[in-house]
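# Commentary on secondary and tertiary structure
Each chain is listed here by its residues.
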Amino acid sequence: MASADEIAAQQFSDTVAACRPQIFRFLLASTRDPDLAETLTQECFLKAHRSWSQFRGESTAMTWLMRIAINLQKDHWRNRRLQFWRHASTSAVDVDEASHWLPSRESSPEQQLLAREKVAHVWRAVRDLSERQRTVFLLRFVEEMELSEIAQSTGLSEGTVKAHLSRALARVRAELGGKR
Amino acid sequence: MNSDQEFAKHAGQHADIEALDPELQQALGDFKASVHAWGDAMVSRPRTVQHTVVRRAWRLAAGTVLASVLIAGAVTAELYEHHEHQVQQARIAAEHKAEEQQRALEAQRAREDQDLLAKVDSDVSREVPSALEPLAYLMSDDTTTK
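Residues numbered from 1 in each chain as written. Chains lettered and ligands numbered in written order. Predicted model: local features only at pLDDT ≥ 70, side-chain atom pairs only at ≥ 80, totals over all residues. Heavy atoms only, no water.

### Describing the interface of chain B and chain A
Contact residues are listed per partner, giving 34 residues for chain B and 41 residues for chain A. For the pair chain B and chain A, the summed buried area comes to about 3500 Å², and 64% of that belongs to carbon and sulfur atoms. Taken together, the links from chain B to chain A amount to three salt bridges. The salt bridge involving Glu144(A) is made with Lys32(B); its shortest N-O contact spans 3.1 Å. Counting across the interface, chain B meets chain A through four residue pairs in polar contact (both at pLDDT 80 or more). Sorting the residues of the side of chain B that touches chain A by element identifies α1 (3-13), α2 (22-43) and α3 (49-126) of chain B as the ones contributing at least two each. Among the elements that take part in the side of chain B that touches chain A, α2(B) stands out by supplying 20 residues, more than any other. Residues of the side of chain B that touches chain A, tallied by class, amount to 15 nonpolar, nine polar and 10 charged. (Contact = heavy atoms within 4.5 Å. Buried area = accessible area lost by both parts, 1.4 Å probe. Salt bridge = Lys/Arg side-chain N within 4 Å of Asp/Glu carboxyl O. Polar contact = N/O pair within 3.5 Å; in protein donor to acceptor, adjacent residues only side chain to side chain. Helix = DSSP H or I, 4+ residues; strand = E, 2+ residues; numbered from the N terminus. Nonpolar A, V, L, I, M, F, W, Y, C, P; charged D, E, K, R; others polar.)

In structure tokens form, the structure reads like this:
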């Protein structure tokens with residue numbers, strides 16, 4: 001019969017397997033840096049492992065992990081702002097390069113090109129958003145989280161989340177409208 | 001909660017946000033698909049830990065080489081300067097020595113010339129011509145009578 005520790009370890013392992021792609025994807029979209037996203041994802045799960053015993057299940061594991069990831073990301077940007085010379089060593093990809101990733105649907109080359117251009121515009125708008133607006137936007141429109149989940153993950157009220165989302169959308173709309 | 005109720009709840013919750021025009025919806029859908037495709041490609045790629053280590057190792061190696069080159073350059077410059085200083089000192093010492101030798105040589109020549117002149121004087125004075133002997137005699141008498 002498995003001990004409580006073994007069960008907890010198994011539960012944590014299952015959670016990692018289930019949530020890792022989503023956490024990594026969120027961090028990748030936030031930073032546009034695969035190496036940094038990988039590092040932050042590992043740090044996120046390391047931190048989660050350390051405090052796994054304190055997780056009471058009041059929110060979903062994904063919401064809890066996303067909160068850790070958002071805080072790690074915030075810490076990273078804060079440190080980076082202080083250590084401005086680290087900008088030289090960034091490996092973040094350009095928004096145009098990021099927009100090249102599109103699933104190969106059954107569409108014509110022209111449609112693919114058009115879609116790619118629109119994705120590039122959205123990337124540009126996302127790049128210029130504030131950190132909070134970007135986080136809320138990505139959680140809503142890439143991870144398709146509910147407003148209540150976003151509020152739990154970010155520690156903001158639902159009203160604030162809505163306001164950030166509304167501003168972010170206005171920015172995206174303007175970017176798409178201006179280049180249309 | 002059935003799906004209709006859930007939809008109604010979400011529709012009410014996002015009424016102001018999700019009143020999106022089809023083009024914006026399409027763009028956001030493509031954006032989501034793009035991020036998912038990128039994320040899937042990156043998450044399944046070989047881990048970059050080793051790559052990072054290699055890059056760091058390269059940086060370390062490059063830094064070490066650069067530091068070594070700088071240190072070697074500094075040491076070489078110092079040695080060259082020291083060598084140049086020594087060469088200059090030796091040249092100055094050689095010049096001083098040559099000057100001293102020259103002075104000694106000139107002094108010796110002067111002494112030799114003086115000796116030679118003195119010898120000539122002495123020889124000339126000893127070899128007084130016989131025709132002048134009476135005069136010399138008179139001069140010596142003249143000095144003794146005074």
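### Quick word on a nonpolar patch on the surface
All names here are of chain B. Together, Ile71, Val75 and Leu79 make up an exposed nonpolar region whose accessible area comes to about 300 Å². Relative to the elements of secondary structure, isoleucine 71 occurs in helix α3. In this structure isoleucine 71 comes out as exposed when scored by relative accessible area, which is 55%. (Patch = residues over 30% accessible without salt bridge, like charges linked within 9 Å, V, L, I, M, F, W, Y side chains within 5 Å. Areas by Shrake-Rupley, 256 points an atom, 1.4 Å probe, with all protein chains shown as cover. Buried < 20%, exposed > 50% of the residue type's maximum accessible area, 1.4 Å probe, protein only.)

### Looking at the confidence of the model for chain A
Per-residue pLDDT for chain A averages 84, and the proportion of residues at 70 or more is 87%. Mean pLDDT per element in chain A: helix α4 (residues 95-98) of chain A is the minimum at 69, and helix α6 (residues 131-141) of chain A is the maximum at 94. (pLDDT = per-residue confidence, 0-100.)

### A short note on the pattern of salt bridges
Between side chains of opposite charge, a pair can form when the charged atoms approach closely. Tallied over the full model, the rule gives six salt bridges over all chains. Of the charged contacts, one joins Arg25(A) and Glu143(A) as a salt bridge, the two residues approaching to 2.8 Å between their closest N and O atoms. Separated by 118 residues along the polypeptide, Arg25(A) in helix α1 (residues 4-31) and Glu143(A) in the loop between α6 and α7 (147-154) bring together distant segments of the chain. The pair formed by Arg25(A) and Glu143(A) is uniform in burial state, with each residue classed as buried. Among the salt bridges present, the one from Asp21(B) reaches Arg173(A), with a minimum N-O distance of 4.0 Å. Here Arg173(A) lies in helix α8 (residues 158-179) and Asp21(B) lies in the loop between α1 and α2, a pairing that spans two chains. On the basis of relative accessibility, which here comes to 28%, the residue Asp21(B) falls in the partly exposed class. In this structure Arg173(A) comes out as partly exposed when scored by relative accessible area, which is 33%.

### Topic: the nonpolar core
Judged by nonpolar contacts, the single largest core of 59 residues is most densely connected at Ile23(A), Val122(A), Phe137(A), Leu28(B) and Phe31(B). Those elements that place two or more of their residues in this core are α1, α2 (34-50), α3 (61-82), α5 (109-127), α6, α7 and α8 of chain A together with α2 of chain B. Per element, the largest residue contribution to this core is nine residues, and it comes from α3(A). Both of domain 1 (1-92) and domain 2 (94-180) of chain A provide at least three residues apiece to this core. Leaving out residues up to four positions away in the same chain, Phe31(B) has contacts with Val119(A), Val122(A), Trp123(A), Val126(A), Phe137(A), Leu138(A) and Val142(A). (Core = buried A, V, L, I, M, F, W, Y, C linked by side-chain atoms within 4.5 Å. Domains from an automatic or database assignment.)

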